[in-house]
Amino acid sequence: MSGEAGRLARSYFKNLELFEDSLVLPPAAPAAETELPVLPGALKSLPASLDEFERQISDCTRCPLGPTRTKFVFGVGNPAARIVFIGEAPGHDEDIKGIPFVGRAGQLLDQMLAAVGLDRRVVYICNVLKCRPPANRDPEPVEVATCKPYLLTQLSIIRPPIIVCLGRHAASVLLGTDAPMKELRGRVLPWHDTQVLVTYHPAYFLRNASHQYLGDQDFRLLRKLYDEITGGAAPY
Ligand code: URA
């Protein structure tokens, strides 16, 4: 097999082997033997770092979105972040740049972070899906099922004390709940030794500017949790 078909087949089997009990990862740095608890559903043998994990999966074609994407959008930010934000899926701008939340919703996210004295240098930002669904349609169950282990592996490497789900979709994938946003937001939800906050997706506030105050409340709660964890030390 040669050319594009060969490349896709090699990529498929390379990514498949990451999830097979009977197969092992290519030789990894010793740190892969970490004692850190690995979240159920993550890769069994944890990559030594986010960079290593990105190298392993960035040519993924395990679901139908692989061949349609421009760039794989792995995640961005501080690998030792105490806060991880999870969005739904890359949009047009993210697909072009390969970086999450760089379009209008991302600019609003940056403003909301700045309003509580945080920014992208401090946190880590990623999505449930690493590839853009065509025309920004909702993720299909097979796409979520394929990509969720990648998210859980990222979280297992970072082990953040605080996770923020941006929107109901991220919350439902992570927490397995279909509860409405008004029941989820404004509370700290315990999940695997981590505190989870759920708030509206920034795109919601772009469409419903009069509800922005709810997001601002949620980000103030986020900053309070962050200060409790860090003892109020300046984030940078
Ligand atoms: N919306 C998301 O959920 N993620 C992005 O990266 C951009 C927009």
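Preceding this paragraph is the structure being described.
A brief report on the enclosed structure follows. All of these numbers come straight from a predicted model, not from anything done at the bench.

**What about empty space enclosed by the protein?**
Under the defined criterion, the tally for this structure stands at two cavities of 30 Å³ or more. Approximately 90 Å³ is the volume found for the largest cavity. For the largest cavity, the lining is made up of 15 residues, of which Cys60, Cys63, Cys131, Thr146 and Cys147 are closest to its centre. Tallied by class, residues from the lining of the largest cavity come to eight nonpolar, three polar and four charged.

**Notes on helix α5 (residues 141-158)**
For α5, with 18 residues, the first-to-last C-alpha span of 25 Å sits near the 26 Å given by 1.5 Å per residue. The principal kink in α5, of about 35°, is found at cysteine 147, preceding the proline proline 149 by one to four residues. Most of α5 sits out of view: 14 of its 18 residues are buried. Just past α5, the residue arginine 159 takes up positive phi, approximately 50°.

**Quick look at the side chain of arginine 69**
Mapping arginine 69 onto the fold places it in the loop between α2 (50-57) and β1 (76-77). Buried charged residue arginine 69 carries no salt bridge. Nearest counter-charge: aspartate 59, at 6.1 Å. A distance of 2.7 Å separates the side chain of arginine 69 from the backbone oxygen of cysteine 60, its partner in a polar contact. Residues contacting arginine 69, with those up to four places away along its chain left out, are Ser58, Asp59, Cys60, Asp95 and Cys131.

**Considerations on the pairing of strand β2 (residues 83-87)**
Residues in a regular strand point their side chains to alternate faces of the sheet. Most of β2 sits inside the fold, with five of its five residues counted as buried. Residues Ile83, Phe85 and Gly87 of β2 are buried on one face, and the alternating residues Val84 and Ile86, pointing to the opposite face, are buried as well. Relative to strand β4 (residues 162-166), β2 runs parallel, the two sharing four bridges. If you follow valine 84 over to β4, its bridge partner there is isoleucine 163.

**So, the site of the ligand**
Close to the ligand lie Gly87, Glu88, Ala89, Glu94, Pro100, Phe101, Asn127 and His201. Within the backbone of glutamate 88, a nitrogen or oxygen atom sits 2.8 Å from an oxygen atom of the ligand. Within the side chain of histidine 201, an N or O atom sits 2.8 Å from an oxygen atom of the ligand. When each cavity is represented as a set of grid points, the ligand is found to reside in the largest pocket. A breakdown of the residues in the shell around the ligand according to their chemical character gives three nonpolar, three polar and two charged.

**Some words on the pattern of salt bridges**
A full pass over the atoms with the stated rule returns six salt bridges. The closest approach of N and O atoms between arginine 121 and aspartate 119, which form a salt bridge, is 2.9 Å. For arginine 121, a relative accessible area of 56% puts it in the exposed group. Close ionic contact of arginine 223 with aspartate 227 constitutes a salt bridge, the shortest N to O distance being 3.0 Å. Of this pair, arginine 223 and aspartate 227 are both found in helix α9 (residues 212-230), four residues apart, which corresponds to roughly one turn of the helix.

Cut-off values and rules
- Residues numbered from 1 in each chain as written.
- Predicted model: local features only at pLDDT ≥ 70, side-chain atom pairs only at ≥ 80, totals over all residues.
- Heavy atoms only, no water.
- 1 Å grid on protein atoms, 1.4 Å probe; cavity = no way out; pocket = protein on both sides within 12 Å on 5 of 7 lines; lining within 4 Å.
- Points joined across faces, edges and corners; volume = space filled by probe spheres on them.
- Nonpolar A, V, L, I, M, F, W, Y, C, P; charged D, E, K, R; others polar.
- Helix = DSSP H or I, 4+ residues; strand = E, 2+ residues; numbered from the N terminus.
- Expected span 1.5 Å × (residues − 1).
- Bend = angle between axes of the 7 residues up to and from the residue.
- Buried < 20%, exposed > 50% of the residue type's maximum accessible area, 1.4 Å probe, protein only.
- Lys, Arg positive; Asp, Glu negative; His and termini not counted.
- Salt bridge = Lys/Arg side-chain N within 4 Å of Asp/Glu carboxyl O.
- Polar contact = N/O pair within 3.5 Å; in protein donor to acceptor, adjacent residues only side chain to side chain.
- Contact = heavy atoms within 4.5 Å.
- Pairing = 2+ DSSP bridges.
- Near = heavy atom within 4 Å.
- Sits in = over half its atoms within 2 Å of the grid points.

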